[in-house]
Amino acid sequence: MLKPITNAEIQLLIAQAIQAREQAYAPYSGFKVGSAVLSENAKIYPGHNIENVSYSLSICAERNALYHAHICGANTFYALAVVYHETEFAKPCGSCRQVMHEFNPELLLVLCNLRKEYRLLSLSKLLPEPFEKSQFQTHKIEAK
Ligand code: THU
């Protein structure tokens, strides 16, 4: 599901991801992450990471952005920006990649930093071997 994304849309995504990062709740890791997803009708939905004292309950910014969008009624996603650092380019974790794949295997990723520098990458490059139901064959052990 590819769609030409404009420069203006990329700039908006980056600005929203940086703004979302301000809201991040990361008292345990101190690692604040912001994200924003572009959906149909050019709508943009932000998300940030939210941690919990029971650490494994923490959830990443990217998944929160996608779930936020989905809860608001969007289910076609074209691009997602993620930011966490002044100069480094954030890369989504494996779990988030799998969730992105569910909605768009060719999602455009905008990996950016707080200086608003960015790199574009297709999700298919970051997750070349996703978990897919179709990868399984049915086997049956015959009774003797
Ligand atoms: N985190 C994200 O929000 N996105 C990622 O892709 C990787 C990690 C968050 C989860 C946790 O709150 C903190 O960063 C440290 O792992």
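The structure displayed is predicted, hence computed values, not measured ones.

Conventions we followed
Residues numbered from 1 in each chain as written. Predicted model: local features only at pLDDT ≥ 70, side-chain atom pairs only at ≥ 80, totals over all residues. Heavy atoms only, no water. Helix = DSSP H or I, 4+ residues; strand = E, 2+ residues; numbered from the N terminus. Buried < 20%, exposed > 50% of the residue type's maximum accessible area, 1.4 Å probe, protein only. Contact = heavy atoms within 4.5 Å. Areas by Shrake-Rupley, 256 points an atom, 1.4 Å probe, with all protein chains shown as cover. Lys, Arg positive; Asp, Glu negative; His and termini not counted. Charge placed at Lys NZ, Arg CZ, Asp CG, Glu CD. Phe/Tyr/Trp six-rings, centres within 6.5 Å; stacked < 30°, edge-to-face > 60°. Near = heavy atom within 4 Å. Polar contact = N/O pair within 3.5 Å; in protein donor to acceptor, adjacent residues only side chain to side chain. Nonpolar A, V, L, I, M, F, W, Y, C, P; charged D, E, K, R; others polar. Core = buried A, V, L, I, M, F, W, Y, C linked by side-chain atoms within 4.5 Å. Pairing = 2+ DSSP bridges.

Engineer: Kindly report on the overall build of the protein, identifying the contributing residues and their values.
Structural biologist: When helices and strands are tallied, the protein shows 4 helices and 5 strands. Listed N to C, the secondary structure of the protein is α-β-β-α-β-α-β-β-α in terms of helices and strands. Dimensions of the protein, computed from the C-alpha atoms along their principal axes, are close to 65 × 40 × 30 Å. Relative to its 144 residues, the protein shows a buried fraction of 41%. Long-range contacts, defined here as pairs at least 24 residues apart, represent 60% of the contacts in the protein between residues at least 6 apart. Accessible surface computed for the protein: about 8700 Å², of which carbon and sulfur atoms make up 53%. Here the protein contributes 14 positive and 13 negative side-chain charges, whose respective centroids are spaced 2 Å apart.

Engineer: Describe the packing of aromatic side chains, listing the residues and the values that go with them.
Structural biologist: Counted according to the given criterion, the structure contains 3 aromatic pairs. Consider the rings of Phe31 and Tyr84, whose centres lie 4.7 Å apart with planes at 35°: the pair is tilted. Separated by 53 residues along the polypeptide, Phe31 in the loop between helix 1 (7-22) and strand 1 (34-39) and Tyr84 in the loop between strand 3 (77-83) and helix 3 (94-103) bring together distant segments of the chain.

Engineer: I'd like to hear about the site of the ligand, residue by residue, with values.
Structural biologist: Looking at the ligand, the residues that line it are Ser29, Phe31, Val33, Asn49, Glu51, Cys60, Ala61, Glu62, Lys91, Pro92 and Cys93. Asn49 places a side-chain nitrogen or oxygen 2.9 Å from an oxygen atom of the ligand. Here an oxygen atom of the ligand sits 2.5 Å away from a polar atom, N or O, in the side chain of Glu51. Contact with the protein chains hides 77% of the accessible area of the ligand, taken as 370 Å² for the molecule alone. Along the lines of polarity and charge, the residues of the shell around the ligand split into 6 nonpolar, 2 polar and 3 charged.

Engineer: Residue-level account of the side chain of Asn64, with values.
Structural biologist: Considering the arrangement of structural elements, one finds Asn64 in helix 2 (residues 61-71). Those residues in contact with Asn64 that sit more than four places away from it in its chain are Gly47, His48, Asn49, Ile50 and Ile59.

Engineer: How would you explain the nonpolar core if you had to name every residue and give the values?
Structural biologist: Counting 22 residues, the largest nonpolar core has Val37, Leu66, Phe77, Leu80, Met100, Leu107 and Leu109 as the members making the most contacts within it. Looking at this core, the elements that each hand over two or more residues are helix 2, strand 3, helix 3, strand 4 (108-112) and helix 4 (123-126). Ignoring any residue separated from it by four or fewer positions in sequence, one finds Met100 in contact with Glu62, Leu66, Leu80, Pro92, Leu107, Leu109 and Leu123. Ranked by size, the runner-up nonpolar core spans 16 residues in total, among them Ile5, Ala17, Val83 and Cys112.

Engineer: Requested: an account of the pairing of strand 1, with residues and values cited.
Structural biologist: Taken across its 6 residues, strand 1 has 6 buried, putting it largely inside the fold. Across the two faces of strand 1 the burial is the same, with Gly34, Ala36 and Leu38 and Ser35, Val37 and Ser39 all buried. Pairing of strand 1 with strand 2 (residues 44-48), which is carried by 5 bridges, proceeds in the antiparallel orientation. Considered in strand 2, the bridge of Val37 is made with Tyr45. Remark: 4 residues form the turn of the hairpin made by strand 1 and strand 2, two consecutive strands paired antiparallel; Asn41 in that turn has positive phi of roughly 60°.

Keep in mind that these numbers describe shape and distance, not what the molecule does.
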